[in-house]
Amino acid sequence: MRLHIIARGKIGRSPEAELVDRYLKRLTWPHKLTELPDRGGNIPPPERNSRTVLLDEKGEQLSSMDLSKLLERWRDEGVAEVRFCLGAADGFDESDRAAADKLIAFGRATWPHLMARAMLAEQLYRATSILANHPYHREG
């Protein structure tokens, strides 16, 4: 199953970009990062049998273990790709939310877009590490 981050905004050369790269390089699962301009640009069409997750302020706050269990379930169901979408400054509208398979939030605080991307990359690495029984994650 491929993990696909689709993010609005260009990260450029920045400390956040280095963090994203660091965690994506550690991922052993197939993955892809697609950057789109803040406005416009074509969102890649979803693959057959994909799931779409929006990072959204109205989303559910999942623990790292819960995220790993969600990925495990989708993987075991034969999902081909999970698309993690980060919107522009204005986020997503209600039609985007309704079309998504899952909404998640990184807490109640508002995070800068580039930090949210780095946090997502780290959480994907953590979740896949949990599934591989790697000692990176320490529960409790």
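Residues numbered from 1 in each chain as written. Predicted model: local features only at pLDDT ≥ 70, side-chain atom pairs only at ≥ 80, totals over all residues. Heavy atoms only, no water.

## Some words on the sheet that holds strand E5 (residues 102–104)
To be explicit about the condition: Two strands qualify as a pair provided that DSSP identifies no fewer than 2 bridges between them. The helix count covers DSSP runs of H or I at least four residues long, the strand count covers runs of E at least two residues long, and both are numbered beginning at the N terminus. The angle between two axes is taken between their N-to-C directions and runs from 0 to 180 degrees, where each axis is a line fitted to C-alpha atoms and a helix contributes only its stretch in contact. We call two residues in contact whenever any of their non-hydrogen atoms come within 4.5 Å of each other.
If you walk across this open sheet you meet the five strands as E2-E1-E4-E3-E5, and the pairing is parallel. Two strands in the sheet have a free side with no partner beyond their single neighbour: strand E2 (31–36) and E5. On average, each strand axis in the sheet is inclined to that of its neighbour by 25°, with strand direction left out of account. For strand E3 (residues 50–60) and strand E4 (residues 81–86), the ladder comprises six bridges, and the chain directions are parallel. Note on E4: the bridge partner recorded for Leu54 is Cys85. Along the sheet, helix H2 (residues 64–76) contacts strand E1 (2–8), E3, E4 and E5; its crossing angle with E4, the most-contacted strand, is approximately 140°.

## As for the pairing of E3
Along any regular strand, the residues point their side chains to alternate faces of the sheet. Stated formally: The classification of residues rests on relative accessible area computed with a 1.4 Å probe and restricted to protein chains. Under 20% of the type maximum is buried, over 50% is exposed, and intermediate values are partly exposed. Handedness is read with the strands pointing away from the viewer; a crossover is right-handed when the path from the first strand over the helix to the second is clockwise.
For E3, the buried fraction is high: eight of the eleven residues fall into the buried class. In this fold, E3 hands off to H2, which returns the chain to E4; that crossover is right-handed. Bridge count for E3 against E5 is four bridges, and the pairing is parallel. Note that in E5 the partner of Val53 across the bridge is Lys102.

## Notes on H2
Heads up, the rule is: Between the first and last residue of a helix there are one fewer steps than residues, each counted as 1.5 Å, and that sum is the expected span. Working note: the arc is built from the helix axis to C-beta atom directions.
A rise of 1.5 Å per residue sets the reference length of H2, with its 13 residues, at 18 Å; its end C-alpha atoms lie 18 Å apart and thus fit the reference within 8%. Within the span of H2, buried status applies to Ser64, Leu67, Ser68, Leu70, Leu71 and Trp74. An end-on view of H2 places all buried positions within 160° of arc, on one side of the element. Looking at the buried positions of H2, the neighbouring elements they touch are E1, E3, E4, E5 and helix H4 (113–131). Two residues or fewer past H2, Gly78 is found with a positive phi of approximately 85°.

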